[in-house]
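A closer look at the structure
Listed below are the residues making up each chain.
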Amino acid sequence: MPEPSGSSRVPAVLALADDLSGAAEVACALGGAVRLSLTARAVADGAAVPRDLVVDLDTRHLLPDEAADAVRAALGAARGGPARLLFKKVDSQLRGNLAAETAAYAEGADAVVIAPALPAARRTVVGGVVHLDGVPLHGTDGWRAEGATAPRSIPEALTGMAVRTVPLDVVRSERGALDAEFRRIAAAGAHPAPDAETDADLAAIAAATLRLGPRFRLLGSGGLAAALGRALARTSASDAHALPPPAPKTAPLLFVIGTAEPVAVAQIAQLTALGAHHVTVDPDELAAGTARLPADIGTAPTVLSIDGSAGLRPRTGRVLSAALAALAVQHPGRPDLVLTGGETARATLDALAIRELVPLGEIHHGAVHSRTPDGRSVVTRPGSFGAEDSLHRIATALRPELLAPAAHA
């Protein structure tokens, strides 16, 4: 069983994510000195490194069997090194290869404790049903880009696995009751999926799982990762001596917007009203490889996005993200990057051959500021996160001298 919170002998965490923005969110949520890698080889190569390790397996776009194999391979590599606490990051809206990856993650465990709630983004779980702003997930448009229907519950999302929900009154009961319920469910060959509405609920879930020992594994969103980090007393920032020096502030600033979320239009409009240069790219030209950046790109912050006026194109995200990334790397001057949407972020960094990031902190919830080994700033943010002033807040944090304050800031 893990040592008490704060002990120097508490094992480092190995967290596996299915996309880059989620991996960055977890790295920041864990706190302390965290290594964020874009290659699964880091699981074996970093065996001797005592810090927490977060790996983006980049499996969101894979076929289910391929995604499951990637999880198994990472866990197999981890078995050759020192003991680590395991954490599996999943989407708070249950997107991706959730069932296949969870089944692979559960192999060799007594049980997986499944808690995708993310209270900071108003995403809760009640009665085993994910809610967005109080509305059941299947009654929202959260899956509009998936080309599929949202699952009605966590057990439905994990068809093929035995999953038992745990109601809020048990989560909020005295310390031993939640432990006992998790043990009872595991003894019956099932996996507990506790309800959670608040960060306190997630803290209770993380603490109970840690008390039960390493054969009980955690699976959830960035909210559960933050609860784990607090339980393990991960309080120190990244080691400043290990950080690469920052790139000059004269470097350009490029926003690559790969999200189809409606709020992105308002976010971009706020930047352009303050002097940013907006380049909208036709999706057909992107897919055909004929899109080009304007010759007069200039020195103002540039926003690169896909023209969505013709409507959403389900299941084209990966192709368009890769094409958008190929266009972004044409920008001169080694710009600092703001990347929204996990697929877009990963495709852009792959195109630049960037394989590791050092997380520095959050600009706002989910908007993680990292540094590359060569000193470039990179901000990643899930496409569904952020209010209308999200991009402005990020720009102000990176380049406070470039843009005037927002009128309502």
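What counts and what doesn't
Residues numbered from 1 in each chain as written. Predicted model: local features only at pLDDT ≥ 70, side-chain atom pairs only at ≥ 80, totals over all residues. Heavy atoms only, no water. Pairing = 2+ DSSP bridges. Helix = DSSP H or I, 4+ residues; strand = E, 2+ residues; numbered from the N terminus. Contact = heavy atoms within 4.5 Å. Polar contact = N/O pair within 3.5 Å; in protein donor to acceptor, adjacent residues only side chain to side chain. pLDDT = per-residue confidence, 0-100. Core = buried A, V, L, I, M, F, W, Y, C linked by side-chain atoms within 4.5 Å. Buried < 20%, exposed > 50% of the residue type's maximum accessible area, 1.4 Å probe, protein only. Expected span 1.5 Å × (residues − 1). Arc of directions from axis to C-beta.

Let's shift gears to the sheet that holds strand 7 (residues 129-132). One open sheet holds the three strands; their spatial order is 6-7-8, and the pairing between them is antiparallel. With one partner strand each, in any of the chains shown, strand 6 (123-126) and strand 8 (135-136) form the two edges of the open sheet.

When you line up the elements, His369 lands in strand 17 (residues 367-371). Separated by 11 residues in the primary sequence, His369 and Val358 place their C-alpha atoms 8.7 Å from one another. Not counting chain neighbours up to four residues away, the residues in contact with His369 comprise Val358, Pro359, Leu360, Gly361, Ile363, Ser377, Val378, Val379 and Leu398. Here Ser377 takes part through its side chain, which lies 2.9 Å from a polar atom of the side chain of His369.

Here the focus is the confidence of the model for the protein chain. Low-confidence regions, as indicated by low pLDDT, have predicted coordinates that should not be scrutinised in detail. Chain-level pLDDT for the protein chain is 88 on average; 89% of the residues reach the 70-or-more range. pLDDT under 50 marks residues 1-8. Its contacts with residues more than four places away, or in other chains, come to 16 contacts.

Within the largest apolar cluster, 98 residues are counted, with the highest numbers of intra-cluster contacts made by Val54, Phe87, Ile154, Phe182, Ile205, Leu304 and Leu349. Among all residues touching Leu304, those that are not within four sequence positions of it are Leu254, Phe255, Val256, Ile257, Val279, Val281, Leu293, Leu324, Leu327 and Ala328.

Attention now goes to helix 7 (residues 175-187). Taking 1.5 Å per residue, 13 residues should reach 18 Å; helix 7 reaches 19 Å between its end C-alpha atoms and fits that length. If you check which residues of helix 7 are buried, you get Leu178, Asp179, Glu181, Phe182, Ile185 and Ala186. Viewed end-on, helix 7 has its buried residues packed into an arc of 160°, placing them on one side of the element. Where helix 7 is buried, its residues touch strand 5 (111-115), strand 9 (163-166), helix 6 (168-171), strand 10 (191-194), helix 8 (199-212) and strand 11 (216-220). Following helix 7 by one or two positions, Gly189 adopts a phi angle in the positive range, close to 80°.

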